[in-house]
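What follows is each chain in one-letter form.
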Amino acid sequence: MNFEKIIKELREQNNYSQSFVAKKLGIRQSSYSKYEAGKSRPEYENLVKLARLYDVSIDCLLENELI
């Protein structure tokens, strides 16, 4: 599974909207939607925030392993 699918699946499993996740990251919803579409990648700071939000490791997000 690739990064885009992982973050989308995690978001859906937690019943979060893209807008909610974007607010948690401190970015616009349109910027977050580009992550899920594979059009851009988050910087390290936002990877950390995503990992904390979903209670997974950064490795889980980057190595394509859902635990």
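For the structure itself, look to the data block above.
Peer 1: I'd like a description of the overall build of the chain, backed by residues and values.
Peer 2: For the chain, the helix and strand inventory stands at five helices and zero strands. Tracing the chain from N to C terminus, the helices and strands come up as α-α-α-α-α. Relative to the compact-globule value of 11 Å for 67 residues, the chain shows a C-alpha radius of gyration of 10 Å, a close match. For the C-alpha atoms alone, the extent of the chain along its principal axes is close to 25 × 25 × 20 Å. Here the chain displays about 4,400 Å² of accessible surface, and carbon together with sulfur accounts for 43% of that area. On the chain, the mean spot of the 11 positive side-chain charges and the mean spot of the 10 negative ones are 10 Å from each other.

Peer 1: Before we move on, can you summarise the packing of helix 1 (residues 3-13) against helix 3 (residues 29-37) with the specific residues and values?
Peer 2: How two helices sit against one another is set out by the angle between their axes and by the gap between those axes. Contact geometry for helix 1 and helix 3: axes closest at 7 Å, N-to-C directions at 120°. Compared by their axis directions, helix 1 and helix 3 come out oblique. Judged by residue contacts, Glu4, Ile7, Lys8 and Arg11 of helix 1 engage Tyr32, Tyr35, Glu36 and Ala37 from helix 3.

Peer 1: An account of the nonpolar core is needed here, citing residue identities and associated values.
Peer 2: Counting residues in each nonpolar core, the largest one holds 16 residues, and the members touching the most others are Ile7, Tyr32, Leu50, Tyr54 and Leu61. Broken down by secondary-structure element, the contributors of at least two residues to this core are helix 1, helix 2 (18-25), helix 3, helix 4 (44-54) and helix 5 (58-62). Look past the residues within four positions of Leu50 in its chain and what remains in contact with it is Phe3, Ile7, Val21, Leu25, Tyr32, Pro42 and Leu61.

Basis of the calculations
Residues numbered from 1 in each chain as written. Predicted model: local features only at pLDDT ≥ 70, side-chain atom pairs only at ≥ 80, totals over all residues. Heavy atoms only, no water. Helix = DSSP H or I, 4+ residues; strand = E, 2+ residues; numbered from the N terminus. Rg over C-alpha atoms; globule rule 2.2 N^0.38 Å. Areas by Shrake-Rupley, 256 points an atom, 1.4 Å probe, with all protein chains shown as cover. Lys, Arg positive; Asp, Glu negative; His and termini not counted. Charge placed at Lys NZ, Arg CZ, Asp CG, Glu CD. Axes fitted to C-alpha atoms, helices over the stretch in contact; angles between N-to-C directions. Parallel < 35°, antiparallel > 145°, perpendicular 65-115°, else oblique. Contact = heavy atoms within 4.5 Å. Core = buried A, V, L, I, M, F, W, Y, C linked by side-chain atoms within 4.5 Å. Buried < 20%, exposed > 50% of the residue type's maximum accessible area, 1.4 Å probe, protein only.

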